[in-house]
Structure formats: C-alpha cells, structure tokens
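Below, each chain spelled out in residue letters.
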There are 2 protein chains.
Amino acid sequence: MTHLYDIFEARFKGPASGNPYLDVTFHAHFSQGNRKVRVTGFHDDGEDYVIRFMPDTVGDWTFTTSSSVAELDGKSGSLTVTAAREGVHGAVRVRNRFHFAYDDGTPYYPFGTTCYAWTHQPLEMQERTLASLEMSGFNKIRMAVFPKDYPFNTNEPLQPIFLEKEGGGIDFDRPNPSAFAHLEKQIARLGELGIEADLILFHPYDRWGYATMTEEQNLRYVEYAAARLSAFRNIWWALANEYDFLLDTIPVQTWDRFCHLLEENDPGQHLRSIHNGDQNMNFDHRKPWITHVCIQNWDVKRTPEWRVAYGKPVVNDEPEYEGNIWPSWGNITAQELVHRFWTTVLRGGYAGHGETYADPDDLIWWAKGGTLHGESWKRIKFLLKLLQQDRLEGLEPMGMNDQWPWSRISGARDLGGKVDFIYFGEHQPNQWTTGLPTEDGNYEIDLIDTWNMTVTPAKRITAHIPHPQRHGNIVRGGKAEAAFGIELPGRPNLALRIRKLD
Amino acid sequence: MTHLYDIFEARFKGPASGNPYLDVTFHAHFSQGNRKVRVTGFHDDGEDYVIRFMPDTVGDWTFTTSSSVAELDGKSGSLTVTAAREGVHGAVRVRNRFHFAYDDGTPYYPFGTTCYAWTHQPLEMQERTLASLEMSGFNKIRMAVFPKDYPFNTNEPLQPIFLEKEGGGIDFDRPNPSAFAHLEKQIARLGELGIEADLILFHPYDRWGYATMTEEQNLRYVEYAAARLSAFRNIWWALANEYDFLLDTIPVQTWDRFCHLLEENDPGQHLRSIHNGDQNMNFDHRKPWITHVCIQNWDVKRTPEWRVAYGKPVVNDEPEYEGNIWPSWGNITAQELVHRFWTTVLRGGYAGHGETYADPDDLIWWAKGGTLHGESWKRIKFLLKLLQQDRLEGLEPMGMNDQWPWSRISGARDLGGKVDFIYFGEHQPNQWTTGLPTEDGNYEIDLIDTWNMTVTPAKRITAHIPHPQRHGNIVRGGKAEAAFGIELPGRPNLALRIRKLD
C-alpha cells in the first residue's frame, strides 16, 4: 500500500559487473486503466536496481519492466494507492499562469531560502539546518547536488557524488550510491517538513571536476538524477545555478537537451528552470520546457517586466542576501531584503531569501545552513502567513511598471477578487486612495507594519478630491479616485490589506 | 563702469503706440576689437526700450543699435568692464563632458532644489524663501515664469505675466513689465546668493491660458525672455517642466525651434534643457542645442545609462521628493532622498531636491518656497561641501550599471585623479577592497556617514585574498583586488573617500 504522492519503490536484482550506469537500460511501465506512465529505473549499488514511482491518483496500479538485460526485463508487480497522508499535497505545479499550487489544489507560494551545500556539511550541522528550516517557515530551499568550491567554501564534502578512482580523482562514469542515498534522505526529510527541494544539478563553483564533465557524462547524469529523484514529490529541477558561468562547458543547446531529458524521464514533470549569474544573462525562459522564471536580480521593481517578457511565474531567487560579507550580492540590510520581498510579491512575483553574515569559521547559512542569525526571515515568514491566511489564488500587480503610480509603489490584487494589498516601501504618504475600491461596500482594511509585523485596522477617511490638473489633452483630478481614503501615519515600510467582505 | 559678468543695461526712448512687443525689432551690436556680439533688445514699458548685456571679458566695449523704428536705430555707446566682483564667477557651462564649471573656471556642481511658483507667492513668503535658500546651501533652483495651477496650488499669483485685458482674460500679446521686473529682481537676488535660476519657460499646470498660447505667441515669448533675461549670469533655460504634458499645444519641432531662438537671441548661450513628465518620455537630449540632460526619474541606479544615451551632463531634477503628500512622487523619506543623491552623484550625475510635506494651508516648499521642514537638505548640503572641499573636476562612475559590482554599489573617481568615493547605500559589507588603490602609496581614507554627516579616518586592513572561484573560462579571486582593504562597521549608508596625497 502506498499513499498518494508518496514514493512507491521496487527493487530488483541485476548484473553487478561491467558498468551498469552506462550499459544497462531499465524502465517500468505503470498502468491504471488505459493510462500508461513510463518510469526510468536506475542501478543503485552492486546487484540492486530500483524503480521509483510517485502515484498521483488513488486506486490500483500495475507495472511491468523492460530492460536491455534479461534479468530486469518483463518483471511485473502492482500497488494500491490510498489517500494522501495528512499534510501531503503532491507536487507543485504552475497555476493561474504566474502562480503555483500543489497537485491537490492547495495554493503554494514559493518562499524559499538558499543553502547550496548543506547536504555536504557535517551531519550535526545538517540536523541544525533542518531544525532552522522548520522554525523559519521557508517552504523551498535551493540546494546543489554537487559540493561547492567558492569563497567561504573551502571544506571538503562528506563524500563525493561520483566514486573516487583508485589513485585519486573522480570517475564521473560511476555515481556514488551512498552520496545519492544521503541526498535522497535529506530531500525526503525536507518533504516531511513541507519544503520543496529546488535542486541545482549543475553549478560552476568547482575544484573536483563536476563542472567540466564531458557532454556525454552530463547527459547521463541528468537522466540518472531524473530516475533517482523524480518520485520525490518535493523536487524542483534547477538545472543550474549561474548557467552563464558554465557556458564554456555546457552550451545553450545542451541546457535545452537537459530539459528534454527531464521531460522524457521525469513522469511527474516537476518544475524546471535555469538560474542566471550575470543580471543581463537571463536564460530564455520563454522556451516551452521551462516552467517558470528563475533569476537573480536586485532590481525588484522590474518584476512585472519579467512577467511580461516570459509569461511565466517569476521566482527571483536572489534579490541580494541579508548579510555583511564583502561580495556585494551578500551584504544588504535585513530591512532592505524585507522591502525587496514585499516589492516583488506585490508586483506579481516571488523572492528568495539568503543570509550571508561573516563568520570566523565561514559557517554561512547561504552555503552551509546551520543557524539563522538575521532579522529578515521572521518578516518574510510574516508575509507568507498573510498570503496563506487568505488562501490567495495569486497576486497580480495593479499596474505595469510604467503605469502611474505603480512604478513607484507596489500594489496587487488577488485573482480570487477578494483581497488587495498595497505596499508603500520608501514612500510615506499621509493618506491614500489610488487602487482602493471605487465603489462603497463592506471592506475590512488593515494597516500592516512590514517590519514590526503588526496588523491593525486602518482608519477610513473621506477620499480627497484633487484639484484638477492639466495634462495635455486630458485633465486629471477634480474627482476622488476611490470611494474612500485611508489615513496613514506618514512613515515608511507600511502596507494596506483590503478585504472585500461580501 | 561694469564688472565682469554683471549686467550692463542701456535704456532708450521709442514709440509707445501700437504694440511694440509685436511691431518693433531692436538690437545692439557690441564690439571689442574684432569681436562682435549681437544683443536683442526689448520694449519694457511706455516709451522705454532696453538693451542688456553681460560682458564676459574685461576692457572697453562699444555698441551701436539697429531697429525697425528710427528713434532706436543707430544709437551708440560704450562701456568699460573691470574685474569681477568677489564671489562672481560668470555663467555655468558644461565642462569635462558630464560636468559643469563657471566662466572663470571654478567647478560648479548643480545641487538644486525646486520652488516652482515662489515668485508668485506673497512678498513676505518670498523673503523667507530667499532666507531658507541661503541657509540651505542649494546652488540652483527650478522655478517657473508662469504661475502654477495644480493640486496644493490654487491661489492666484500676485500679478499675471501678460497684461489683463479690459473685461477679463489675458492678452498674451502684451507682456506685463511689472511682472518681469519682479522676476528679474528675484533672479538677481538669487545670483547674489550664488544660486542659478533654472528657469522654466513653459509648464502644463495652468488655468489662465499660458499653456495654450498660440505658436506665434510662444515663439515671441521665448525671444522676449531671451532679450530680457540673457544678461543674468545665473540663468539656465529650462524650456519646460513636463514638456510631454504640453505636446497637445507645443509639438516636438517647436521645442527645437525654442532652442534655436535662444541660440539666436542669448549671446551668453546659457544652458538649455527640457524636462520630461512621464519617465519613459525623456526629451531627445542628444540634439546639439540641448546642453545637458534634465529628467525626472526615481530609478537613480540607472544614471550611467543616461550618460551613455545622451553623452551630456545628467541632472535628475526629481528623483522623487522628501515628504508625505498623497502623490507618490512627493512622499519618500529623507533617508531615501539622501540615498538617491549619493547614488546619483557617485554614478556620475547630479540630483535635485524637493520637499513636499503636507501643510494645512498648502504652503509646500516644492511649489511655494517658504520654510524647509525636512531632514534631507542638511545631508545634501554636507555632500555638496565634500565635493567643493576637494574642488573636484567631476566624478566619473567606476563602472557601468552592468559591470561588477557597480550595478549594486556606487563608486566614482574624480577626473582630477586624486579623489575617489565609494558609496555602499543599502549594502553593509564588513570590509572592502573593490575600487581601492591597486598600488600602495600615501592615501588618506575616510569613512563617511552620509546620514549623521561625520567624516572619520577609516581603518586600513590587509586586503583579503578571495578563494579562487571558477567562472567559466576565467578563474576569479586567488589574489587581492587592492593593495589594502578597509574595515567597515557593517551598517548601511556609509561611504569611503580615498584621497591620494602625493
């Protein structure tokens, strides 16, 4: 018996000789009524071959295998899928074009953090990372399969991802089953915490050779990752971190091919995207095999521009990190990062957290996990709870960047039509009308202090009537912009929430 | 006897009948040796005709007049020009492509404010405005010839700019000599305070008809303004505020023609620019008759982009205003405006101040002058003093927007080669090396707190050697970026000043 969205695993014995990773093909064909799903199996260790499958419907399934070797060919079996366990919602999908939801329809708002190499740190630290994640409220984590070689990241990983050769070096044709088993265990634990694993398959920060594998090795690795990991409901495929710093070894057409391999070998069709390094080198997220936009860009007021450019959900993984290290992507204030989260979300996108406070032992959250030291995560959790509280369908920006006044302040309307937010950021008007309801009615309007995390009833006032102003052929003003106004205290980093009650 | 850069004025009697404004042409031809300068005269009031001339060289000058009427034709005279008075430096010109200096070579850094209609307010308030300006340290003011009709601006001006018709309305073919005399008096007083009058000839905020004069009336008015005002050393021609909201009455080719009229009739060739409304509607400042870029744009990290686009000095008049009124261009915090000044100046541009705090009587600095209530002006004055202290030739940005790390933080190097500034803004690194001297030497390095206005010696440390990082074909890091590093306190809104001492 398997629960819906959990992993069904079947293990088989096959040849241990030669190099099964390169030589053996192995698939299972799952059936439910007329429906057929092809699942790619993999060689695990020794004589062990594995099929993993995440059922997305309840009821009875059967399967048969096919393989290039006789022992693995024509095996069959069955499973019964029962209702999902409490708190299990399935995989995250794009919904409402710019937003996300789980398989079961529960809205999902990506509020993620970044700990690139956390699974390569000492086990005790990994435990602390998981505890911190649970406390933090983050529901996604960007993490890499490969270890990281980079400033502040000079320690050796616990184990290599491919097996070491006798006499030194790594054999990129022989994956390390123990390393993958550990990765899978941690992905599963994230899943139990309700955290999506935004898994980075390639990155350039390397001294072991992972960034300079051959084209053939790269393709095989992607297919293997799909075979091993696709059955985890909380997997997202982050093909790269900073793909543009890998273009010397992985050209653009190969990134496309990676996506195709995932389309072929991931029956769950988990989310796929490719993250840039240089702010002017976004991957072409319009390509149909890219499900959502992953970028790093500090210039978050441009969020609506990226929505238009790509027509997909925008996840700005790195609007710079809270911290104080010397690289300029890692030393903004907590206040500024919270501001960038609100600005991004109220312009129809999603932002990512990272924390980079200097540490005498280089134990920095962004790469190694461990303990959170900053102040932004609490406010980010507060914002997420606000979205969850109203079970929003997706916040759509009230204007485009060049529409008055929405290039300057940020406002968004939920697709459900019942909740609006307006965020003033560095602006501190003493009253407000733009974007408020134009018809009187039963509204609950709250003033939100985004830093102090308070929600208090806002004071309604009569909407002011601006003196008419000549603007070429049109005259602006002369009538109120809304059915009522809101009095504001004239300080920054405030937001309004307007709920329509009937 | 006239001092250099002061006004030489000669008055003549001529016909008072008919409409001299439309009917009479009157010029003077000033000579010094082989040099000839054509000056346009104007009819002032009654029988009075005037020639005004700002000499830009010392020594003896002679002049003769020419006119369409006999009484004003063939008059002659002479003047002797002696050295400039203390503190008088002449007109401001573009120098070093992106920067400015006075005629006498003194560097000029435009640090201006905005009081659009201050000369139309009660006289007592005008006195307060001048006192506030003197205290504030601003050396430029944006101000309009015409009165202003706009939100918070509903009062009548003291007098119309053109004469009222009997029975009501304004005769746009008859300028009001008294109104111009008052304007001139105030421009002269600004000049004595060392303040440039960035004089806006046209704007759309109108209920009297100034914004809808005929093409012929507009052209005649520009020529008249040139004749009356060109001899004021501190005049800048701001052809419009928000020209794009006037395009229904003044098409683009007419704006060009205005500039040509100023080129023809302003022998001093004072600075000329045209200010946009919509952030996407910058005038084409590449045109040769535009001397510098005037824009309004809150997105100040883009400053280097505008330098490249137009190849001229960038003066961002309105990077939004400090205040709390409801329009979103007028309600940012003092902190944010100071941040935008530093960001603009350290990216090779200049910014403008404005203050828009709500007032029960709508007495708001940005339109009416009076009293400053905010907190940014003090910090802006502090920044200006830092530039003046080193008599900088012009700060050139250390990198373009897309060059690492200068899209995120701001740094600039003086053209004189002796002083660098780096401004961290929302960034709070605990140490810094990028952009610091690469060769050891005798440097004075100060840490500047841009908000608390302190300058203290910065602590030099050994430059850190970043762990080498793979970035495609190149490997970054592995060696220090500079001869030394600076320890920083890890809080925002700090700057460094690096002076080379030998």
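Definitions and cut-offs
- Residues numbered from 1 in each chain as written.
- Chains lettered and ligands numbered in written order.
- Predicted model: local features only at pLDDT ≥ 70, side-chain atom pairs only at ≥ 80, totals over all residues.
- Heavy atoms only, no water.
- Domains from an automatic or database assignment.
- Contact = heavy atoms within 4.5 Å.
- Buried area = accessible area lost by both parts, 1.4 Å probe.
- Salt bridge = Lys/Arg side-chain N within 4 Å of Asp/Glu carboxyl O.
- Polar contact = N/O pair within 3.5 Å; in protein donor to acceptor, adjacent residues only side chain to side chain.
- Helix = DSSP H or I, 4+ residues; strand = E, 2+ residues; numbered from the N terminus.
- Nonpolar A, V, L, I, M, F, W, Y, C, P; charged D, E, K, R; others polar.
- 1 Å grid on protein atoms, 1.4 Å probe; cavity = no way out; pocket = protein on both sides within 12 Å on 5 of 7 lines; lining within 4 Å.
- Points joined across faces, edges and corners; volume = space filled by probe spheres on them.
- Pairing = 2+ DSSP bridges.
- Axes fitted to C-alpha atoms, helices over the stretch in contact; angles between N-to-C directions.

A.B. asks: I would appreciate a short explanation of the domain arrangement of chain A in the present structure.
C.D. replies: A common measure of how large an interface is: the accessible area buried when the components associate. Residue and element names in this part refer to chain A. One can read the domain layout of chain A as domain 1 (2-82), domain 2 (92-389) and domain 3 (396-500). The straight-line distance from the C-alpha centre of domain 1 to that of domain 2 is 28 Å. At the junction of the two partners, domain 1 supplies 20 residues and domain 2 supplies 23 residues. Roughly 1,900 Å² of surface becomes buried between domain 1 and domain 2 when both sides are summed, with 54% attributable to carbon and sulfur atoms. Its largest share of buried area at the contact with domain 2, domain 1 owes to Tyr 5, Tyr 21 and Arg 52, together 37% of the area lost on that side. Counting across the interface, domain 1 meets domain 2 through three salt bridges. Counting every contact that joins domain 1 to domain 2 gives nine residue pairs in polar contact (both at pLDDT 80 or more). Of all the secondary structure elements, the ones that give two or more residues to the side of domain 1 that touches domain 2 are helix H1 (20-23), strand S4 (35-40), strand S5 (42-45) and strand S6 (48-53). Considering only residue class, the side of domain 1 that touches domain 2 consists of nine nonpolar, six polar and five charged.

A.B. asks: Help me out: how do you make sense of the layout of surface pockets in this one?
C.D. replies: Gaps left between atoms are located by rolling a probe of water-molecule size over the structure's atoms. By volume, the second largest pocket is sized at about 850 Å³. Residue lining of the second largest pocket: 30 residues in total, with Glu 336 and His 339 of chain A together with Glu 336, His 339 and Glu 426 of chain B positioned closest to the centre. Grouping the amino acids of the lining of the second largest pocket by side-chain chemistry returns seven nonpolar, 11 polar and 12 charged.

A.B. asks: What am I meant to see in the sheet that holds strand S2 (residues 8-13) of chain B here?
C.D. replies: Think of a sheet as strands paired side by side through backbone hydrogen bonds, with each pair either parallel or antiparallel. Residues and elements named next belong to chain B. Spatially, S2-S6-S5 is the arrangement adopted by the three strands of the open sheet, whose pairing is antiparallel. Every other strand in the sheet has two partners, leaving S2 and strand S5 (42-45) as the edge strands with one partner each. Between one strand axis and the next, the sheet turns by 35° as a mean value, whatever way the strands run. Bridge analysis of S5 against strand S6 (residues 48-53) gives three bridges, and the strand direction is antiparallel. The residue bridging His 43 from the neighbouring strand is Tyr 49, located in S6. Contacts from helix H4 (residues 215-229) reach S5 and S6, with the element oriented near 80° to S5.

A.B. asks: So what exactly am I meant to see when it comes to the interface of chain A and chain B here?
C.D. replies: Each partner contributes residues to the interface: chain A has 58 residues there, and chain B has 58 residues. Here chain A meets chain B over a buried area of about 4,800 Å², counting both sides, of which 52% is carbon and sulfur. Viewed at the interface, chain B and chain A are joined by six salt bridges. The tally of links from chain A across to chain B stands at 34 residue pairs in polar contact (both at pLDDT 80 or more). Taken together, the elements giving at least two residues each to the side of chain A that touches chain B come down to helix H7 (334-345), strand S27 (431-432) and strand S31 (469-471) of chain A.

A.B. asks: Teacher, can you tell me more about the sheet that holds strand S18 (residues 272-273) of chain B here?
C.D. replies: Across the sheet, which stays open at both edges, the five strands sit in the order S12-S13-S16-S17-S18 (chain B) with parallel pairing between neighbours. Sheet topology places strand S12 (112-114) and S18 of chain B at the edges, where each strand pairs with a single neighbour.

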